[in-house]
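# Topology and contacts: notes
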Amino acid sequence: MPEIDDEIFQLAISDLSLNDDILQSEKITHSVKLIEPNNPFQAVQEACELMNQGILALVTSTGCAAASALQSLTDAMHIPHLFIQRNGDGTPRTACQLNPSPDGESYTLAARPPVRINDVLLTLVSELHWQKFIIFYESDYDIRGLQTFMDQVSRLGLDVSLQRVDRNVSRVFNDLFNTMRTEELNRYRDTLRRAVLLMSPRGAQVFIHQAVETNLASKDSHWVYANEEVSDADIMELIHSSLGRMTIIRQIFPLWRDTNVRCMRNNHRISSLLCDPQEGYLQSLEVSNLYLYDSVLMLANAFYRKLEDRKWHSMASLNCMRKSTKPWNGGWSMLDTIQKGRISGLTGLMDFRAEGSNSHVQFEILGTSYSETFGKDVKRLATWDSTRGLNGSLKENRIESSMQGVTLRIVTLLEEPFVMVAENILGQAKRYKGFSIDVLDALSKILGFKYDIYQVGDGKYGSALPNGSWNGMIGELIGKQADLAISAITITPERESVVDFSKRYMDYSVGILMRKSEEKINIFSLLAPFDLAVWACIAAAVPVVGIMIFLLRRIQAVRCHNSAGGHTSPSVSTSLQSAIWIVYGAFVQQGGCSDSILGSVALRIVMGSWWLFTLIVCSSYTANLAAYLTVSRMDNAIRSFQDLSRQSDLVYGTVRESAVFEYFKAKGTNPLEQDNTYAELWKTINKNNGLENSVSSPSEGIKKAKRASYAFLWDMAVVEYAALTDDDCTLTVAGNSMSTRGYSMALQHGSPYRDLFSQKILELQEKGDLDILKQKWWPKKGRCDLQSHADAQPEGRALHLHSFAGVFCILAAGLLLALLVAALETWWNSNHCHREQPKEDKEVNLEQVHQRLNSLLDDDLAHKQLPGQSIEISALDIGSMQPSQSLEALSARDYPSHRGLPRLSVTTFLQEGHGAGRTMSSGPGRNLPLPLSSATMPSIRCKHRAPNGGLFRQSPVKTPMAMSYQPVPGGPIPKASEPSHGTSI
């Protein structure tokens, strides 16, 4: 095994150790032996040493001679042997002639596919209609590899010559000129017009250069270079060295083109050195190195299945030198497990189901093309694989600028607005319309071609089937049933490997089609900023704090009562409902609390804490309410794939077995994707293998998005058109507008029309014709104006009535509750007072009391003296007296006499315009006993309270009037002459 193979082998083992899901907790123990390229004895000796140590399988990368010797050894010892054939010095490979096994059970498996270069050459000369050509081969090339090819071309009646080229190429051409005459050289030059080169890249370059220098190559010559291993740099050297047309055949691995799965094979992560072309390491490897990596992966897969089936055998420890050594008893089981396995590695699919060899191989056929801009260039003409054969055209057709007289057969698929059925006339061919049809008509007008169009039978764009074939429009092109495919067809790496694409005429991105969100009517939406538990806690906090204030006021009242000698200050007493009312007023920021109420430090601490609590709650409510109203006014909360993946209310999907379906599959199953957005999307899209959420056609997805809570993921252009032309304008579109791919026209592989179509599409883009066509099918203002709908989102919008309906409901409920309570109070007071008031009591208004007092005072004016202090007596003070108290006692207790001129002011309520104010005064040391006792005031507590605190009954609007009284000497004021008359104030 060469040193480069050792590096690849160690890299493969390292990658396996990082993937625990393949071997679980098991580790591979390996040993590497380096041998000479073709030394059978050394190869057998090293293999015997490995078998003596213990071995499960043998992987070798050698030439045919060493492989033949190792085959005999492994067949005898029943050791599975994976063999990778190496070809020395870049010379084209020929098949190894291995020895047949004695008992027919060969333990050697060829990891590298059999040589198929002869089959490709036979297809090429048949397609090019060559009747006479010559084959040049190097001295290192095994000519026995051409035996089958020569037999086949001879049966076809072709004239084929063989010529060996020595290492000294210049000497070969010198011998030609020295030994041939001019006529023979001319005939030889004519033979060189069609030639096949089986050489190393370096040898072919020297040969072509010498042929051009000696004037043996002409401009009309066509040479074919065939080699499995040739780099891009070598190809460019060969192209620029040649004089005429050059065709190159080489082996390819199409999975390298797909960036999404390049580093992943069956959940196995491959080192970035081997999967990332930017590293540069991949281009330096040979084909045999890649097959060596995949061989290690194949063995690891077999070991995993053996562990899973619990059919593991101990390693074989064999002695090759003893004749009595028995073969490994677990060798056949291990070989059978390897043969039944299949992996996808760096070289594509690998299995050993075809007679013990890997049959999966693919070639590409490159050819020179001529461009006015770039001159000589190389492009892919066709591909060839072991399943389908040739795919493409090798005919040399040069179309300069016109396609006059050409009729193309075009396959299409209905997809609004790209391709739609137009109004057809009975008896005439079906007509089509749409954006793609307009582009096709514009190209037809410029180039002058005509076309016949038909719909694809299975209604699919085209995807690869398990057997390697393609369906849909791509299958029609591969089968050469159509020249061109046009619709909403996108460029993908898989499709580009089997067909050609023109330049894209429109950008492509994936969009989200869904129904516009209907604004939910919630009359109590203003309660939404807080949770129900928060509102419950706030509602409970109001009475709790009110009770706290009530208790503290009672404690303060008791303390004042004790300090005042048994008398309580009226300003200290506060009822429970008043305390709750104060707390509620502070919560809604309407005041309701004065300094007289907050008489103690404890009360001030309580109210200060409540005010801080109220400030925080109100500020939080205001902020949350603004945010809630802003979010609720957004038409859709889903704006991107990230939003779609984070929610669970809206189900989404796409069309099964479509390019979009494969796109999400590749992104969602790629472990290198740092964002788990696509993983979540793929989990929902592929639920129940796509049968639950995905649909079978785009039209079904659009209908489902319109009638149900469903988001349809499809081409942005298609879903935008569906939303623009919706009859009810109930659909909207979201998604990312970034484009990495585009819509294009698909042609057969190697089609001569590809470059011409691409050139004219670029001209249409530069002239702005494509933009005009886009405006035709995607107008900015159509039946449904999506643009204005999107622009209106950032701007403000007036709140509707239903947003404030809850506030009006609360106000209406408060008003109704107030009316109900007022009615209950009226009913309660009337019944209660009716029970307490004696029937013989008569009501006297304040005017009568005023007149009565005046008469009493006038009678005893000379005998009455009042204290010198001014006394204010209101109706409230009188009403607060107990029935057993008299105004005399009130005057004696609360208003003691003082020196100086006394002054008494009695405030009452009289009708406007009646009575006059009086001031009653007396000498010092005298009190004024008023004849208003319990006998004369039996119903004071039952009468209705006026709005300003007074009591009145059956009285019009009254105004407070002051009664003035002049002091006179005399005795006490006599009692009322009519005690049976009650007084109502």
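Quantities reported herein were computed from a predicted structural model and do not represent experimental measurements.

By the element assignment, Ser502 lies in the loop between strand S21 (500-501) and strand S22 (506-508). Once you skip the residues sitting within four places of it in the chain, Ser502 turns out to touch Ile491, Ser744, Met745, Leu747, Arg754, Phe757, Ser758 and Ile761.

Quick look at the UniProt feature "site: Crucial to convey clamshell closure to channel opening" (unreviewed entry) in the protein now. Those residues carrying the UniProt feature "site: Crucial to convey clamshell closure to channel opening" (unreviewed entry) are Ile638 in this numbering. Following the sequence through the fold, Ile638 ends up in the loop between helix H19 (601-632) and helix H20 (641-646). A residue is classified by how much of its surface remains accessible, and Ile638, at 9% relative accessible area, is buried. Leave out the neighbours within four places in its chain, and Ile638 touches Ile512, Met514, Asp643, Leu644, Gln647, Leu650 and Ala734.

Attention now goes to unusual backbone geometry. Backbone torsion omega between Glu416 and Pro417 reads -5 degrees, so that peptide bond is classified as cis. Here Pro417 is to be found in the loop between strand S16 (407-412) and strand S17 (420-421). Backbone geometry at Asn689 places phi at a positive 60 degrees, although glycine is not the residue there. Tracing the chain through its elements places Asn689 in the loop between helix H22 (677-685) and helix H23 (698-707).

Attention now goes to the sheet that holds S21. Reading across the sheet, the 5 strands line up as S19-S16-S20-S28-S21 and stay open at both edges, with mixed pairing between neighbours. Whereas interior strands pair on both sides, the edge strands pair on one side only; in this sheet they are strand S19 (450-455) and S21. Summarising the sheet, S16 and strand S20 (residues 484-486) pair through 3 bridges and their orientation is parallel. Across the sheet, Ile410 pairs through a bridge with Leu484, a residue of S20. Lying over the sheet, helix H14 (residues 435-447) contacts S16, S19 and S20, oriented at roughly 160 degrees with respect to S19.

Sheet architecture is open: 4 strands sit in the order S24-S25-S23-S26, paired in mixed fashion. Among the strands making up the open sheet, the edge pair consists of strand S24 (651-653) and strand S26 (731-735). On average, each strand axis in the sheet is inclined to that of its neighbour by 30 degrees, with strand direction left out of account. Judged from the 5 bridges that link them, strand S23 (residues 510-515) and S26 form a sheet pairing that is antiparallel. Paired with Ile512 across the strands is Ala734, a residue of S26. Packed onto the sheet, H22 meets S24 and strand S25 (710-715) and runs at close to 90 degrees relative to S24. With respect to the sheet, H23 is in contact with S23, S25 and S26, its orientation differing from that of S25 by roughly 145 degrees.

What counts, and where the lines are drawn
Residues numbered from 1 in each chain as written. Predicted model: local features only at pLDDT ≥ 70, side-chain atom pairs only at ≥ 80, totals over all residues. Heavy atoms only, no water. Helix = DSSP H or I, 4+ residues; strand = E, 2+ residues; numbered from the N terminus. Contact = heavy atoms within 4.5 Å. UniProt positions renumbered as here; feature names shortened; annotations may be inferred. Buried < 20%, exposed > 50% of the residue type's maximum accessible area, 1.4 Å probe, protein only. Pairing = 2+ DSSP bridges. Axes fitted to C-alpha atoms, helices over the stretch in contact; angles between N-to-C directions.

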